[in-house]
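These are the residues of each chain, in order.
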Amino acid sequence: MKTLVLVGGGHAHLYGLRQLILEGLEDVHVLLISTSRFQYYSGMFSGFAEGFYDLEETRIDLQKMCQKAGAIFIEDRIVQIDADNKEMVGTKGKVYTYDAASFDIGSETAVPNEWKDLVSTVKPNFRFSETIASFRKAAYPTVVGVGASGVELALAILAWRKQHHLLENVAVVGSSPLLAAQGEHISKKIEAIAQRKGLQILSNQTVIQIDKQSFITSSGSVYPQSEILWLTGPASPALFRHSKLPIDSSGFLLLNEFLQSDAFPSIFGAGDCASIKSYPSLAKNGVYAVRQGPVLWENLQRFLFHQPLKPFVPQKRFLSILSTGNQEALLLYGKRSIHGKWPWLLKQHIDRKFMKTYQKLYE
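Residues numbered from 1 in each chain as written. Predicted model: local features only at pLDDT ≥ 70, side-chain atom pairs only at ≥ 80, totals over all residues. Heavy atoms only, no water.

Engineer: Please explain the pattern of salt bridges as it appears in this structure.
Structural biologist: A side chain with one charge may pair with a side chain of the opposite charge, provided their charged atoms come close. A complete count under the given rule lists twelve salt bridges for this structure. Among the ionic pairs, Lys244 bridges to Asp84, the shortest N-O distance being 2.5 Å. Of this pair, Lys244 sits in the loop between α7 (238-241) and β19 (253-255) while Asp84 is found in the loop between β6 (78-82) and β7 (87-90), placing the two residues 160 residues apart along the sequence. What makes Lys244 exposed here is its relative accessible area of 60%. We classify Asp84 as partly exposed; its relative accessible area is 49%. Across the pair Lys347 and Asp351 runs a salt bridge whose closest N-O atoms are separated by 3.1 Å. Taken as a pair, Lys347 and Asp351 lie in helix α9 (residues 341-359) at a separation of four residues, close to a single helical turn. Each member of the pair, Lys347 as well as Asp351, carries the same accessibility label: buried. (Salt bridge = Lys/Arg side-chain N within 4 Å of Asp/Glu carboxyl O. Helix = DSSP H or I, 4+ residues; strand = E, 2+ residues; numbered from the N terminus. Buried < 20%, exposed > 50% of the residue type's maximum accessible area, 1.4 Å probe, protein only.)

Encoded structure:
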């Protein structure tokens, strides 16, 4: 009997659990270790923030999925990996041994150490509902980060405040224009949308100082704040930086095209916690994590039974839909973009369908 340990309940591991329920896996003992019984879907964070979803709709019950799959669910956090001896250690010292292990634990938020007690984040994601519930009622809510998650949540919270007749004074701060990674055309388009909706945009400036009542940006301006939501780029999990596992220059688990560690072939991974040597600039988002799921699950089985592995090849384009509040969204595909009600309806359909794929397995 071989032992497969899945660490984290991210998109790729959810696919593996689903296949375990539908197809089974003989002669393999499967453990899923996660810091929370529930895995929350970040694609629905903006909908929850705006009040369209309740908490149950945004989460998958990992424990119930494991029960259906015949796997063991363990609520724990891995703090140490001994890849030489195929062991890992949890927070209370419990040792887990494995024949193959996979990590799908997401990323952390890159908050400067001196401000960690002064700002909030949505990670770990099982705390996001409490964070959002508090933040959207703040006197002066400020989002730091002008990427997709920052812009989307800022607009969702602005829409919620309009519905609840609160001051429409949500601010978003970032070192570049909004959605700069999408190119100048899209950046200008989302900025026009955000301005029309009343979002306070503080782009092309960084936060250089924070206290409990205000923050100062690199422009020298002082702004009031009562709560700051920090949504800048991903940071690597400390777990890998403190192990012997190969990591990239940013500290993410380094994998080959088979989603496997070259130095320790029994270690696999997927999602935002990892980088692939063949695709060093691959964006860390849920689209690629979902696509990695089938390849990862098949390769874990192939590794355990000494069969050749299959490479992961990321798609060059993918559909992206960004909620902009008030039942509108911005659809992006390549250089094309559409804003309005229809993209929002499509996003609702895609997100609900994705969640039902897993929720129906244990309901």
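Engineer: Explain unusual backbone geometry to me, please; I cannot follow it from the model alone.
Structural biologist: Only a minority of non-glycine residues have a phi that is not negative, and only a minority of peptide bonds are not trans. The amide bond that connects Lys123 to the next residue, Pro124, takes the cis arrangement and shows omega of -5°. Within the chain, His165 stands out as a residue other than glycine whose phi angle is a positive 55°. Mapped onto the fold, His165 is located in the loop between α5 (148-163) and β12 (171-173). In this structure, Asn326 is a non-glycine residue whose phi angle is positive, near 60°. For Asn326, the location among the structural elements is in the loop between β22 (320-325) and β23 (328-333).

Engineer: How should the packing of helix α1 (residues 11-23) against helix α8 (residues 286-304) be read in this particular structure?
Structural biologist: How two helices sit against one another is set out by the angle between their axes and by the gap between those axes. Packing of α1 against α8 leaves a shortest axis separation of 7 Å and a crossing angle of 40°. Classified by the interaxial angle, the pair formed by α1 and α8 is oblique. Judged by the twist between their axes, the crossing of α1 over α8 is right-handed. In this structure, α1 contributes His11, Ala12, His13, Tyr15, Gly16, Gln19 and Leu20 to the contact, and α8 contributes Gly286, Ala289, Val290, Gln292, Gly293, Pro294, Leu296 and Trp297. Residues that form the contact of α1 with α8 fall into these classes: eight nonpolar, seven polar and no charged. (Axes fitted to C-alpha atoms, helices over the stretch in contact; angles between N-to-C directions. Parallel < 35°, antiparallel > 145°, perpendicular 65-115°, else oblique. Left-handed = near helix turned anticlockwise from the far one by under 90°. Contact = heavy atoms within 4.5 Å. Nonpolar A, V, L, I, M, F, W, Y, C, P; charged D, E, K, R; others polar.)

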